[in-house]
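# Chains, contacts and geometry: an overview
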Amino acid sequence: MLALLAMLAFGDQSWRFAAGASAGKMTPVMGTIGFGYKNAILYIEGMGTHKGDNDFWCGLRGDLAWTLFREQPFNLDLGISGGYEYARSPNKMHQALNKSNGGIFVYPYNYKESAEISLEFRAHLYGFYTQIAYPVYHFLKHDEPTYIWRVGYMINIL
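Residues numbered from 1 in each chain as written. Predicted model: local features only at pLDDT ≥ 70, side-chain atom pairs only at ≥ 80, totals over all residues. Heavy atoms only, no water.

For Glu116, the location among the structural elements is in strand S6 (residues 109-125). Overall, the relative accessible area of 2% leaves Glu116 in the buried class. Of note is the side chain of Glu116, whose polar atom sits 2.6 Å from the side chain of Arg61. With near-sequence residues (within four places) excluded, Glu116 lies in contact with Arg61, Ser81, Gly82, Gly83, Pro135, Tyr137, His138, Phe139 and Ile148. (Helix = DSSP H or I, 4+ residues; strand = E, 2+ residues; numbered from the N terminus. Buried < 20%, exposed > 50% of the residue type's maximum accessible area, 1.4 Å probe, protein only. Polar contact = N/O pair within 3.5 Å; in protein donor to acceptor, adjacent residues only side chain to side chain. Contact = heavy atoms within 4.5 Å.)

Quick look at the structure:
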């Protein structure tokens, strides 16, 4: 905290920080923080919710990027990212099938799971941004995405 106050007091424009929120695929909502030095920046995103044993989702993603046109209202981030996402939701049809047969023959829920490394592109305009990631390697894949997209708003400090 003292380092941030010192940077603000002495006007060091080398360091930068960002915070925001986004919505997209696969994790519906994510909070984002970013720490950067000059044109390099590290974004960390994550969020989750739990409504019951088979009704939850979570996601965590990290992105190391290089910013082009950093001093302009419109800028681009090009980088590499990695993420893990998992979700379960109740499947009423499977639950009814299990109930009618008096046993568990199919999973009573749907689930998705993905862990991957991606090439990522972000376009920022006055705080609003779009993010597109193309997975190049999957560690885990069950209904793995062919691409990942997000839209959001981010406040940049410095």
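Structure shown, so let's carry the discussion forward.
In this section: the pairing of strand S2 (residues 29-37). Judged by which residues are buried, S2 turns out to be one-sided: Met30, Thr32, Gly34 and Gly36 face inward and are buried, whereas Val29, Gly31, Ile33, Phe35 and Tyr37, on the alternate face, are not. As defined by bridge partners, strand S1 (residues 15-24) adjoins S2 across 9 bridges and the pair is classed as antiparallel. Directly across from Gly20, in S2, lies its bridge partner Thr32. Pairing analysis gives 7 bridges linking S2 to strand S3 (residues 40-52), with the strands arranged antiparallel. Bridge pairing in S3 places Ile33 opposite Ile44. (Pairing = 2+ DSSP bridges.)

So, on to unusual backbone geometry. Residues other than glycine seldom take positive phi values, yet Lys38 does so here, at roughly 55°. Structurally, Lys38 is set in the loop between S2 and S3. The backbone phi angle of Phe69 is positive, close to 60°, even though this residue is not glycine. Among the secondary structure elements, Phe69 is positioned in the loop between strand S4 (55-68) and strand S5 (74-90).

Strand order in the closed barrel made by the 8 strands is S1-S2-S3-S4-S5-S6-S7-S8, with antiparallel pairing throughout. Neighbour-to-neighbour, the strand axes of this sheet turn through a mean angle of 25°, independent of strand direction. Here S1 pairs with strand S8 (residues 148-157) via 8 bridges, running antiparallel. Within the sheet, the bridge partner assigned to Gly20 lies in S8 and is Met154. (Axes fitted to C-alpha atoms, helices over the stretch in contact; angles between N-to-C directions.)

This next bit is on the side chain of Arg16. Mapped onto the elements of the fold, Arg16 is located in strand S1. A polar contact is formed between the side chain of Arg16 and the backbone oxygen of Lys38, at a distance of 3.0 Å. Only 3.2 Å separates the side chain of Arg16 from the backbone oxygen of Asn39, close enough to count as a polar contact.

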